[in-house]
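Examination of the molecular architecture
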Amino acid sequence: MLDKLLSEDNVRHLCALLDKAQNIIVTCHVSPDGDAMGSVLAFSHFLGRKGKNAIPVVPNIFPDFLKWMPGVERVAVYEKNEGEVAPLVLAADLVVCLDFNTPERLLGLQKPVEESRAPRIMIDHHLDPADFCEWSVSRSDMSSTCELLFRIMDQLGETEDMTMEEAACIYTGMMTDTGGFSYNSNRSDIYYIIGQLLTKGIDKDKIYRNVFFNYSAERFRLMGYMLYVKLETFPEYHASLMTLTREEQKRFSHKKGDTEGFVNIPLQINKSRLSIFLREDTERRVIRVSLRSVDDFPCNKMAAEFFNGGGHLNASGGELPCPMDRAVEVVRAALKKYAPLLAVK
Ligand code: 5GP
Ligand code: MN
(Lines give C-alpha, C1' and ligand atoms only; values in the text may rest on other atoms or scores of the structure.)
(Ligands and ions follow the chains in the order given, each with its own letter.)
Protein backbone atom coordinates (compact mmCIF):
# COMPACT_ATOMS: atom_id res chain seq x y z
CA MET A 1 0.00 0.00 0.00
CA LEU A 2 1.17 3.50 -0.84
CA ASP A 3 0.78 6.51 1.45
CA LYS A 4 -1.84 8.97 0.30
CA LEU A 5 -0.16 12.15 -0.90
CA LEU A 6 -3.29 14.23 -1.38
CA SER A 7 -5.90 15.38 1.12
CA GLU A 8 -9.53 14.40 0.50
CA ASP A 9 -10.31 18.01 -0.40
CA ASN A 10 -7.48 18.11 -2.86
CA VAL A 11 -8.65 14.90 -4.51
CA ARG A 12 -12.18 16.29 -4.84
CA HIS A 13 -10.87 19.51 -6.38
CA LEU A 14 -8.76 17.54 -8.89
CA CYS A 15 -11.67 15.26 -9.80
CA ALA A 16 -13.94 18.27 -10.29
CA LEU A 17 -11.45 19.89 -12.66
CA LEU A 18 -11.04 16.67 -14.64
CA ASP A 19 -14.78 15.95 -14.72
CA LYS A 20 -15.60 19.39 -16.10
CA ALA A 21 -13.07 19.25 -18.93
CA GLN A 22 -13.40 17.48 -22.27
CA ASN A 23 -10.56 18.87 -24.40
CA ILE A 24 -7.42 18.60 -22.33
CA ILE A 25 -3.90 19.71 -23.28
CA VAL A 26 -1.22 17.61 -21.59
CA THR A 27 2.22 19.16 -21.71
CA CYS A 28 5.74 19.16 -20.24
CA HIS A 29 9.02 21.08 -20.20
CA VAL A 30 11.18 22.10 -23.16
CA SER A 31 13.58 19.41 -24.46
CA PRO A 32 11.43 16.61 -23.06
CA ASP A 33 13.23 13.73 -21.35
CA GLY A 34 11.94 10.26 -20.50
CA ASP A 35 10.04 11.47 -17.45
CA ALA A 36 8.45 14.38 -19.31
CA MET A 37 7.38 12.19 -22.25
CA GLY A 38 6.43 9.32 -19.93
CA SER A 39 4.14 11.47 -17.81
CA VAL A 40 2.57 13.26 -20.79
CA LEU A 41 1.84 10.00 -22.59
CA ALA A 42 0.70 8.08 -19.49
CA PHE A 43 -1.69 10.87 -18.49
CA SER A 44 -2.97 11.21 -22.06
CA HIS A 45 -3.66 7.47 -22.26
CA PHE A 46 -5.42 7.64 -18.90
CA LEU A 47 -7.61 10.58 -19.94
CA GLY A 48 -8.44 8.79 -23.20
CA ARG A 49 -9.54 5.76 -21.17
CA LYS A 50 -11.86 8.10 -19.26
CA GLY A 51 -13.47 9.29 -22.49
CA LYS A 52 -11.65 12.62 -22.68
CA ASN A 53 -10.06 14.20 -25.72
CA ALA A 54 -6.46 14.37 -24.47
CA ILE A 55 -4.04 16.31 -26.68
CA PRO A 56 -0.38 15.65 -25.83
CA VAL A 57 1.72 18.72 -26.74
CA VAL A 58 5.46 19.20 -26.18
CA PRO A 59 7.24 22.57 -26.57
CA ASN A 60 9.92 21.30 -28.97
CA ILE A 61 11.29 18.06 -30.42
CA PHE A 62 12.03 15.06 -28.26
CA PRO A 63 14.97 12.66 -28.67
CA ASP A 64 14.86 9.68 -31.03
CA PHE A 65 15.37 7.18 -28.20
CA LEU A 66 11.84 7.95 -26.99
CA LYS A 67 10.16 7.43 -30.38
CA TRP A 68 9.18 3.84 -29.52
CA MET A 69 6.88 5.00 -26.70
CA PRO A 70 3.20 4.05 -27.03
CA GLY A 71 1.13 6.99 -28.28
CA VAL A 72 4.12 9.02 -29.41
CA GLU A 73 2.64 9.42 -32.91
CA ARG A 74 -0.13 11.59 -31.45
CA VAL A 75 2.23 14.05 -29.75
CA ALA A 76 2.11 17.55 -31.26
CA VAL A 77 5.42 19.42 -31.31
CA TYR A 78 4.51 23.07 -30.71
CA GLU A 79 7.66 24.56 -32.23
CA LYS A 80 7.08 22.67 -35.50
CA ASN A 81 3.41 23.43 -35.83
CA GLU A 82 2.50 26.61 -33.95
CA GLY A 83 -0.28 27.55 -36.34
CA GLU A 84 -2.26 24.38 -35.73
CA VAL A 85 -1.44 23.79 -32.08
CA ALA A 86 -1.97 27.29 -30.63
CA PRO A 87 -5.74 27.29 -31.44
CA LEU A 88 -6.08 23.88 -29.73
CA VAL A 89 -4.44 25.31 -26.60
CA LEU A 90 -6.63 28.42 -26.70
CA ALA A 91 -9.77 26.29 -27.08
CA ALA A 92 -8.87 23.74 -24.39
CA ASP A 93 -10.91 23.26 -21.19
CA LEU A 94 -7.89 22.31 -19.11
CA VAL A 95 -4.08 22.37 -19.38
CA VAL A 96 -2.13 19.72 -17.48
CA CYS A 97 1.50 20.72 -16.78
CA LEU A 98 3.77 17.78 -16.05
CA ASP A 99 7.41 17.59 -14.94
CA PHE A 100 8.02 21.35 -14.76
CA ASN A 101 7.05 24.11 -12.38
CA THR A 102 7.55 27.49 -14.04
CA PRO A 103 5.77 28.58 -17.23
CA GLU A 104 9.08 29.73 -18.79
CA ARG A 105 9.99 26.04 -19.22
CA LEU A 106 7.35 25.92 -22.00
CA LEU A 107 9.34 28.24 -24.31
CA GLY A 108 7.03 29.46 -27.12
CA LEU A 109 4.14 27.36 -25.81
CA GLN A 110 4.03 29.62 -22.73
CA LYS A 111 2.18 32.33 -24.67
CA PRO A 112 -0.91 30.31 -25.76
CA VAL A 113 -1.00 28.49 -22.41
CA GLU A 114 -1.12 31.82 -20.57
CA GLU A 115 -3.58 33.35 -23.04
CA SER A 116 -5.90 30.37 -22.77
CA ARG A 117 -8.72 30.74 -20.25
CA ALA A 118 -8.44 27.05 -19.35
CA PRO A 119 -7.54 26.27 -15.74
CA ARG A 120 -4.17 24.64 -15.20
CA ILE A 121 -3.05 21.61 -13.20
CA MET A 122 0.58 21.01 -12.27
CA ILE A 123 2.10 17.68 -11.23
CA ASP A 124 5.85 17.95 -10.66
CA HIS A 125 8.87 16.98 -8.58
CA HIS A 126 11.25 19.93 -9.06
CA LEU A 127 12.19 22.38 -6.33
CA ASP A 128 10.82 25.94 -6.00
CA PRO A 129 7.50 25.74 -7.84
CA ALA A 130 5.97 28.93 -9.24
CA ASP A 131 2.33 29.67 -8.48
CA PHE A 132 0.74 29.48 -11.94
CA CYS A 133 -1.83 26.70 -11.66
CA GLU A 134 -5.23 26.36 -10.10
CA TRP A 135 -4.40 22.93 -8.74
CA SER A 136 -0.90 21.63 -8.13
CA VAL A 137 1.11 18.95 -6.43
CA SER A 138 4.84 19.51 -6.06
CA ARG A 139 6.90 16.79 -4.41
CA SER A 140 10.66 17.04 -4.72
CA ASP A 141 11.03 13.84 -2.67
CA MET A 142 9.63 11.82 -5.60
CA SER A 143 12.00 10.03 -7.97
CA SER A 144 10.08 11.29 -10.97
CA THR A 145 6.87 12.91 -12.09
CA CYS A 146 5.86 9.48 -13.37
CA GLU A 147 6.10 8.03 -9.86
CA LEU A 148 4.01 10.92 -8.55
CA LEU A 149 1.48 10.36 -11.32
CA PHE A 150 1.15 6.68 -10.44
CA ARG A 151 0.54 7.57 -6.82
CA ILE A 152 -2.11 10.13 -7.72
CA MET A 153 -3.83 7.61 -10.00
CA ASP A 154 -3.62 5.10 -7.17
CA GLN A 155 -5.36 7.55 -4.86
CA LEU A 156 -8.04 8.16 -7.49
CA GLY A 157 -8.60 4.39 -7.62
CA GLU A 158 -7.46 4.29 -11.24
CA THR A 159 -4.53 1.88 -11.12
CA GLU A 160 -6.68 -1.26 -11.14
CA ASP A 161 -7.63 -0.71 -14.79
CA MET A 162 -4.30 0.77 -15.82
CA THR A 163 -3.33 -0.40 -19.31
CA MET A 164 0.03 -1.78 -20.37
CA GLU A 165 0.60 1.42 -22.40
CA GLU A 166 0.10 3.64 -19.36
CA ALA A 167 2.31 1.36 -17.26
CA ALA A 168 5.10 1.34 -19.87
CA CYS A 169 5.12 5.15 -20.02
CA ILE A 170 5.21 5.47 -16.24
CA TYR A 171 8.00 2.92 -15.95
CA THR A 172 10.03 4.80 -18.58
CA GLY A 173 9.90 8.05 -16.59
CA MET A 174 10.80 6.36 -13.32
CA MET A 175 13.67 4.51 -14.98
CA THR A 176 15.16 7.47 -16.85
CA ASP A 177 14.95 9.99 -13.98
CA THR A 178 16.86 7.59 -11.72
CA GLY A 179 19.49 6.52 -14.27
CA GLY A 180 18.06 3.00 -14.40
CA PHE A 181 17.43 3.06 -10.61
CA SER A 182 21.00 3.99 -9.76
CA TYR A 183 20.27 7.34 -8.02
CA ASN A 184 17.32 8.97 -6.20
CA SER A 185 15.93 5.48 -5.94
CA ASN A 186 16.36 4.14 -2.40
CA ARG A 187 12.72 4.36 -1.30
CA SER A 188 11.02 0.98 -1.18
CA ASP A 189 7.78 2.46 -2.58
CA ILE A 190 9.49 2.74 -5.94
CA TYR A 191 9.83 -1.03 -6.11
CA TYR A 192 6.28 -1.58 -4.91
CA ILE A 193 5.13 0.57 -7.84
CA ILE A 194 7.37 -1.31 -10.26
CA GLY A 195 5.79 -4.52 -8.99
CA GLN A 196 2.37 -3.09 -9.78
CA LEU A 197 3.49 -1.95 -13.24
CA LEU A 198 4.81 -5.43 -14.02
CA THR A 199 1.37 -6.88 -13.34
CA LYS A 200 0.11 -4.75 -16.26
CA GLY A 201 2.33 -6.76 -18.59
CA ILE A 202 5.18 -4.35 -19.27
CA ASP A 203 8.50 -5.76 -20.50
CA LYS A 204 10.88 -3.70 -18.37
CA ASP A 205 14.00 -5.30 -19.85
CA LYS A 206 12.86 -4.31 -23.33
CA ILE A 207 12.07 -0.76 -22.13
CA TYR A 208 15.63 -0.56 -20.77
CA ARG A 209 17.04 -1.62 -24.14
CA ASN A 210 14.69 0.68 -26.06
CA VAL A 211 15.97 3.67 -24.09
CA PHE A 212 19.58 2.93 -23.28
CA PHE A 213 20.65 0.66 -26.18
CA ASN A 214 19.23 2.82 -28.89
CA TYR A 215 21.99 5.21 -29.84
CA SER A 216 23.42 6.02 -33.22
CA ALA A 217 26.97 5.14 -34.26
CA GLU A 218 27.61 8.91 -34.43
CA ARG A 219 26.76 9.25 -30.76
CA PHE A 220 29.25 6.51 -29.91
CA ARG A 221 32.02 8.15 -31.90
CA LEU A 222 31.24 11.48 -30.25
CA MET A 223 31.30 9.80 -26.83
CA GLY A 224 34.71 8.28 -27.61
CA TYR A 225 36.02 11.67 -28.72
CA MET A 226 34.66 13.41 -25.63
CA LEU A 227 36.20 10.88 -23.24
CA TYR A 228 39.55 10.60 -25.03
CA VAL A 229 40.13 14.18 -26.15
CA LYS A 230 37.82 16.49 -24.22
CA LEU A 231 37.64 15.13 -20.69
CA GLU A 232 39.52 17.27 -18.19
CA THR A 233 39.89 15.94 -14.66
CA PHE A 234 40.54 17.88 -11.48
CA PRO A 235 41.68 15.21 -9.00
CA GLU A 236 42.17 17.79 -6.25
CA TYR A 237 38.46 18.61 -6.49
CA HIS A 238 37.21 15.08 -7.31
CA ALA A 239 35.63 16.76 -10.31
CA SER A 240 35.71 16.65 -14.10
CA LEU A 241 34.70 18.82 -17.03
CA MET A 242 33.79 18.15 -20.65
CA THR A 243 33.07 20.85 -23.23
CA LEU A 244 31.43 20.56 -26.63
CA THR A 245 31.48 23.36 -29.17
CA ARG A 246 29.07 24.06 -32.00
CA GLU A 247 31.77 23.15 -34.51
CA GLU A 248 32.31 19.75 -32.84
CA GLN A 249 28.58 19.06 -32.84
CA LYS A 250 28.55 19.71 -36.58
CA ARG A 251 31.63 17.55 -37.16
CA PHE A 252 30.01 14.57 -35.39
CA SER A 253 26.58 15.11 -37.03
CA HIS A 254 25.18 15.79 -33.59
CA LYS A 255 21.44 15.31 -33.26
CA LYS A 256 19.28 16.36 -30.33
CA GLY A 257 19.66 13.82 -27.52
CA ASP A 258 23.05 12.55 -28.72
CA THR A 259 24.82 13.97 -25.65
CA GLU A 260 22.10 12.80 -23.23
CA GLY A 261 23.77 11.05 -20.31
CA PHE A 262 27.34 12.07 -21.21
CA VAL A 263 27.58 14.16 -18.05
CA ASN A 264 26.99 11.06 -15.92
CA ILE A 265 29.91 9.06 -17.31
CA PRO A 266 32.82 10.82 -15.52
CA LEU A 267 31.12 10.12 -12.17
CA GLN A 268 32.36 6.56 -12.71
CA ILE A 269 35.93 7.79 -12.18
CA ASN A 270 37.30 6.67 -8.84
CA LYS A 271 36.49 9.15 -6.00
CA SER A 272 34.48 11.37 -8.34
CA ARG A 273 32.00 13.76 -6.69
CA LEU A 274 31.09 16.19 -9.46
CA SER A 275 30.87 16.17 -13.25
CA ILE A 276 30.22 19.28 -15.37
CA PHE A 277 29.32 19.34 -19.04
CA LEU A 278 29.28 22.51 -21.15
CA ARG A 279 27.64 22.52 -24.57
CA GLU A 280 27.30 25.44 -26.95
CA ASP A 281 23.63 25.71 -27.84
CA THR A 282 23.00 25.48 -31.58
CA GLU A 283 19.96 27.75 -31.59
CA ARG A 284 20.73 30.44 -29.02
CA ARG A 285 24.08 32.05 -28.22
CA VAL A 286 24.42 30.45 -24.81
CA ILE A 287 26.38 27.64 -23.19
CA ARG A 288 24.11 24.97 -21.71
CA VAL A 289 25.50 23.69 -18.42
CA SER A 290 24.79 20.27 -16.90
CA LEU A 291 25.98 19.23 -13.46
CA ARG A 292 25.84 15.83 -11.78
CA SER A 293 27.13 14.82 -8.37
CA VAL A 294 27.07 11.95 -5.91
CA ASP A 295 26.32 11.81 -2.19
CA ASP A 296 25.66 15.20 -0.61
CA PHE A 297 27.40 17.56 -3.03
CA PRO A 298 24.78 20.24 -3.87
CA CYS A 299 24.89 20.76 -7.65
CA ASN A 300 21.78 22.93 -7.40
CA LYS A 301 23.58 25.44 -5.17
CA MET A 302 26.52 25.63 -7.54
CA ALA A 303 24.15 25.92 -10.53
CA ALA A 304 22.26 28.79 -8.88
CA GLU A 305 25.40 30.61 -7.75
CA PHE A 306 27.49 30.26 -10.92
CA PHE A 307 25.36 29.09 -13.84
CA ASN A 308 22.01 30.95 -13.67
CA GLY A 309 20.24 27.70 -13.00
CA GLY A 310 19.16 25.22 -10.40
CA GLY A 311 17.72 21.75 -10.12
CA HIS A 312 18.09 18.79 -7.80
CA LEU A 313 20.81 18.07 -5.26
CA ASN A 314 22.57 15.59 -7.60
CA ALA A 315 21.37 16.77 -11.03
CA SER A 316 21.20 20.40 -12.03
CA GLY A 317 21.56 22.65 -15.02
CA GLY A 318 21.77 26.21 -16.14
CA GLU A 319 23.20 28.38 -18.88
CA LEU A 320 25.82 31.05 -19.44
CA PRO A 321 25.49 33.85 -22.00
CA CYS A 322 29.19 33.91 -22.92
CA PRO A 323 31.76 32.17 -25.15
CA MET A 324 33.12 28.74 -24.21
CA ASP A 325 36.51 29.92 -22.92
CA ARG A 326 34.80 32.31 -20.53
CA ALA A 327 32.41 29.54 -19.40
CA VAL A 328 35.40 27.32 -18.59
CA GLU A 329 36.76 30.13 -16.41
CA VAL A 330 33.44 30.24 -14.56
CA VAL A 331 33.71 26.48 -13.97
CA ARG A 332 37.22 26.90 -12.53
CA ALA A 333 35.99 29.66 -10.21
CA ALA A 334 33.06 27.48 -9.10
CA LEU A 335 35.35 24.54 -8.36
CA LYS A 336 37.64 26.79 -6.33
CA LYS A 337 34.76 28.23 -4.31
CA TYR A 338 33.30 24.78 -3.61
CA ALA A 339 36.67 23.14 -2.88
CA PRO A 340 35.81 22.48 0.79
CA LEU A 341 32.64 20.57 -0.14
CA LEU A 342 34.35 18.77 -3.03
CA ALA A 343 37.30 17.67 -0.92
CA VAL A 344 35.13 15.55 1.41
CA LYS A 345 35.04 11.87 0.59
P1 5GP B 1 20.03 18.60 -17.51
O2 5GP B 1 21.45 18.56 -17.09
O3 5GP B 1 19.49 17.23 -17.77
O4 5GP B 1 19.76 19.59 -18.60
O5 5GP B 1 19.21 19.16 -16.27
C6 5GP B 1 19.20 18.48 -15.05
C7 5GP B 1 18.22 19.16 -14.12
O8 5GP B 1 18.65 20.48 -13.85
C9 5GP B 1 16.82 19.33 -14.69
O10 5GP B 1 16.01 18.23 -14.37
C11 5GP B 1 16.32 20.58 -14.02
O12 5GP B 1 15.83 20.27 -12.74
C13 5GP B 1 17.57 21.38 -13.81
N14 5GP B 1 17.80 22.41 -14.84
C15 5GP B 1 18.31 22.25 -16.09
N16 5GP B 1 18.44 23.39 -16.73
C17 5GP B 1 18.00 24.34 -15.88
C18 5GP B 1 17.89 25.77 -15.98
O19 5GP B 1 18.24 26.40 -16.96
N20 5GP B 1 17.38 26.40 -14.88
C21 5GP B 1 17.01 25.74 -13.75
N22 5GP B 1 16.53 26.43 -12.72
N23 5GP B 1 17.11 24.41 -13.63
C24 5GP B 1 17.59 23.72 -14.68
MN1 MN C 1 11.41 14.56 -14.04
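Relevant structure appears above.
My aim in this report is to walk through the structure given alongside it, one point at a time. (Residues numbered from 1 in each chain as written. Chains lettered and ligands numbered in written order. Predicted model: local features only at pLDDT ≥ 70, side-chain atom pairs only at ≥ 80, totals over all residues. Heavy atoms only, no water.)

1. Things to note about the overall build of the protein
Regarding its fold elements, the protein presents 13 helices and 12 strands. In terms of its C-alpha atoms, the protein occupies a principal-axis envelope of roughly 55 × 45 × 40 Å. Looking at the protein as a whole, 55% of its 345 residues are labelled buried. Considering only contacts in the protein between residues 6 or more positions apart, those separated by 24 or more positions represent 66%. Of the roughly 15800 Å² of accessible surface on the protein, a fraction of 49% belongs to carbon and sulfur atoms. The distance from the centre of the 41 positive side-chain charges to the centre of the 48 negative ones in the protein is 4 Å. (Helix = DSSP H or I, 4+ residues; strand = E, 2+ residues; numbered from the N terminus. Buried < 20%, exposed > 50% of the residue type's maximum accessible area, 1.4 Å probe, protein only. Contact = heavy atoms within 4.5 Å. Areas by Shrake-Rupley, 256 points an atom, 1.4 Å probe, with all protein chains shown as cover. Lys, Arg positive; Asp, Glu negative; His and termini not counted. Charge placed at Lys NZ, Arg CZ, Asp CG, Glu CD.)

2. Overview of the sheet that holds strand β1 (residues 23–28)
Ordered in space as β3-β2-β1-β4-β5-β6, the 6 strands form an open sheet in which the pairing is parallel. Either end of the sheet is taken by a strand with one partner, and the two such strands are β3 (76–77) and β6 (135–138). Pairing analysis gives 5 bridges linking β1 to strand β4 (residues 94–98), with the strands arranged parallel. Looking at the pairing, I25 lines up with V95 of β4. Strand contacts of helix α2 (residues 34–49): β1, β2 (53–58) and β4, with the helix running at about 165 degrees to β1, the strand carrying the most contacts. Along the sheet face, helix α5 (residues 145–155) touches β4, β5 (120–124) and β6 and points at about 115 degrees away from the line of β5. (Pairing = 2+ DSSP bridges. Axes fitted to C-alpha atoms, helices over the stretch in contact; angles between N-to-C directions.)

3. As for unusual backbone geometry
Even without being glycine, K271 reaches a positive phi, approximately 70 degrees. When you line up the elements, K271 lands in the loop between α10 (246–251) and β9 (274–280). Of note, the phi angle at N308 is positive, near 50 degrees, even though the residue is not glycine. Structurally, N308 can be placed in the loop between α11 (299–306) and β11 (310–311).

4. Quick notes on the site of ligand 1
Neighbouring residues of ligand 1: H126, R288, S290, R292, G309, G310, G311, H312, A315, S316, G317 and G318. For the shell around ligand 1, the secondary-structure elements that each account for two or more residues are β10 (287–293), β11 and β12 (315–320). Per element, the largest residue contribution to the shell around ligand 1 is 4 residues, and it comes from β12. Within the shell around ligand 1, the residues separate by chemical class into 1 nonpolar, 9 polar and 2 charged. (Near = heavy atom within 4 Å. Nonpolar A, V, L, I, M, F, W, Y, C, P; charged D, E, K, R; others polar.)

5. Quick word on helix α8 (residues 204–212)
Within the span of α8, buried status applies to I207, N210 and V211. Along the axis of α8, the buried residues cluster in a sector spanning 90 degrees; they form a single face. For α8, the secondary structure elements touched by its buried residues are α6 (164–177). (Arc of directions from axis to C-beta.)

6. Digging into the coordination of the manganese ion (ligand 2)
Distances from the manganese ion (ligand 2) to its protein donors, namely D35 (OD), D99 (OD), H125 (NE2) and D177 (OD), fall within the range 2.2 to 2.3 Å. Mapping the donors of the manganese ion (ligand 2) onto the primary sequence gives the spacing D-x63-D-x25-H-x51-D. Placement of D35 in helix α2 and of D177 in helix α6 is noted, with a sequence separation of 142 residues between them. (Donors = N, O, S within 2.8 Å, 3.2 Å for Na, K, Ca; no water.)

7. Notes on the sheet that holds strand β8 (residues 239–244)
Strand order in the open sheet formed by 6 strands is β7-β8-β9-β10-β12-β11, with mixed pairing between adjacent strands. Edge positions in the sheet fall to β7 (232–234) and β11, since each has one partner strand and no second. Summarising the sheet, β9 and β10 pair through 7 bridges and their orientation is antiparallel. Counterpart to L274 in the pairing with β10 is S293. Contacting β7, β8 and β9, helix α9 (residues 217–230) crosses the sheet at an angle of about 125 degrees to β8.

8. What about the environment of I194?
You can see I194 is positioned in helix α7 (residues 188–198). Given the relative accessible area of 8%, I194 is considered buried. Among all residues touching I194, those that are not within four sequence positions of it are Y171, M174 and F181.

9. Observations regarding the packing of α2 against α6
To describe two helices that pack against each other, one gives the angle between their axes and the distance between the axes. Remark: α2 packs on α6, axes separated minimally by 8 Å, with the N-to-C direction vectors making an angle of 160 degrees. When the axis of α2 is compared with that of α6, the two are roughly antiparallel. Taken as a pair, α2 and α6 cross one another with a handedness that is left-handed. Together, G34, D35, G38, L41, A42, H45, F46 and R49 of α2 and E165, E166, C169, I170, T172, G173, T176 and D177 of α6 make up the contact between the two elements. Of the residues belonging to the contact of α2 with α6, the class tally is 5 nonpolar, 6 polar and 5 charged. (Parallel < 35°, antiparallel > 145°, perpendicular 65-115°, else oblique. Left-handed = near helix turned anticlockwise from the far one by under 90°.)

10. Quick notes on the environment of C322
The residue C322 is located in the loop between β12 and α12 (324–337) in this model. When the C-alpha positions of C322 and E247 are compared, they lie 16 Å apart, and in sequence the two are 75 residues distant. With residues near it in sequence (within four places) discarded, C322 still touches I287 and A327.

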